[in-house]
Amino acid sequence: QVQLVESGGGLVQAGGSLRLSCAASGRIFSMNAMGWYRQAPGKQRELVARITGGGSTNYVDSVKGRFTISRDNAKNTVYLQMASLKPEDTAVYYCNANYNHYLEVWGQGTLVTVSS
């Protein structure tokens, strides 16, 4: 069974930075796209950033230029470096991974709170 363990969330003031990490473990033969989603109170879960196995990335417009997604394939780990944080970035951030060609797994979520 594959698990994702997230870390790095917390409370930060507006304009500050945080780095989220998500490490995958278990029976992984191939790790494909990995991504970060977020869900704010009363809102639907949205894709924040995604990175393919080959390193191609895409971002939701609201975080372009502020967030950077990266991965360490040797460690099956994905990162989200968040800078210039805004109160509207407050949400539970979830890691997502597609692996072994057609399987998908979610992390438990980590709370990011940005105070004004």
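Note: the structure precedes this text.
Each value, and the rule that gives it
- Residues numbered from 1 in each chain as written.
- Predicted model: local features only at pLDDT ≥ 70, side-chain atom pairs only at ≥ 80, totals over all residues.
- Heavy atoms only, no water.
- Core = buried A, V, L, I, M, F, W, Y, C linked by side-chain atoms within 4.5 Å.
- Buried < 20%, exposed > 50% of the residue type's maximum accessible area, 1.4 Å probe, protein only.
- Helix = DSSP H or I, 4+ residues; strand = E, 2+ residues; numbered from the N terminus.
- Contact = heavy atoms within 4.5 Å.
- Pairing = 2+ DSSP bridges.
- 1 Å grid on protein atoms, 1.4 Å probe; cavity = no way out; pocket = protein on both sides within 12 Å on 5 of 7 lines; lining within 4 Å.
- Points joined across faces, edges and corners; volume = space filled by probe spheres on them.
- Nonpolar A, V, L, I, M, F, W, Y, C, P; charged D, E, K, R; others polar.
- Disulfide = S-S within 2.5 Å.
- Axes fitted to C-alpha atoms, helices over the stretch in contact; angles between N-to-C directions.
- Salt bridge = Lys/Arg side-chain N within 4 Å of Asp/Glu carboxyl O.

Engineer: Please set out the nonpolar core residue by residue, giving values where relevant.
Structural biologist: Soluble globular proteins tend to bury their nonpolar side chains together. Within the largest apolar cluster, 30 residues are counted, with the highest numbers of intra-cluster contacts made by Trp36, Val48, Phe67, Val78, Leu80, Met82 and Tyr93. Elements that contribute at least two residues to this core include exactly β3 (18–25), β4 (31–39), β5 (46–51), β7 (67–72), β8 (77–82), β9 (91–99) and β11 (110–115). Sorting elements by how many residues they give to this core places β9 first, with 5 residues. If we ignore the near neighbours within four places in the chain, the residues touching Met82 are Gly16, Ser17, Leu18, Leu20, Arg66, Phe67, Tyr93 and Val112.

Engineer: Account for the pairing of β3, naming residues and giving values.
Structural biologist: Strand residues, when the strand is regular, have side chains that alternate between the two faces of the sheet. Examined bridge by bridge, strand β1 (residues 3–7) and β3 share 5 bridges and lie antiparallel to one another. The residue of β3 that forms the bridge with Gln3 is Ser25.

Engineer: Mind laying out the layout of surface pockets, listing which residues take part and the relevant values?
Structural biologist: As a volume, the largest pocket reaches approximately 180 Å³. Its residues assigned to classes, the lining of the largest pocket shows 2 nonpolar, 4 polar and 7 charged.

Engineer: Report on the state of the cysteines, specifying residues and quantitative values.
Structural biologist: One pass over the structure, following the stated rule, counts 1 disulfide. Here Cys22 connects covalently by a disulfide to Cys95, the sulfurs 2.1 Å from one another. An S-S torsion of about -85° defines the bridge between Cys22 and Cys95 as left-handed. Linking Cys22 in strand β3 with Cys95 in strand β9, this pair joins segments that are 73 residues apart in sequence. We note that Cys22, like Cys95, is buried.

Engineer: Please provide a residue-by-residue account of the sheet that holds β1, values included.
Structural biologist: Sheet architecture is open: 4 strands sit in the order β1-β3-β8-β7, paired in antiparallel fashion. A single partner strand is all that each edge strand has here, and the edge strands are β1 and β7. Averaged over all adjacent pairs, the angle separating strand axes in this sheet is 15°, with direction ignored. Relative to β8, β7 runs antiparallel, the two being bridged by 6 bridges. Looking across to β8, one finds that Thr68 is bridged to Gln81.

Engineer: Give me the pattern of salt bridges: which residues, what numbers.
Structural biologist: The tally for this structure, following the rule as stated, stands at 4 salt bridges. Across the salt bridge formed by Lys64 and Asp61, the nearest N and O atoms sit 2.9 Å from each other. Residue Asp89 pairs with Arg66 through a salt bridge whose shortest N-O separation is 2.8 Å. Here Asp89 is found in the loop between β8 and β9, whereas its partner Arg66 is found in the loop between β6 (57–59) and β7, with 23 residues between them in sequence. The same class applies to Asp89 and to Arg66, which are both buried. Each of Arg38, Glu46, Arg66 and Asp89 takes part in salt bridges that share partners, so that together they form one network.

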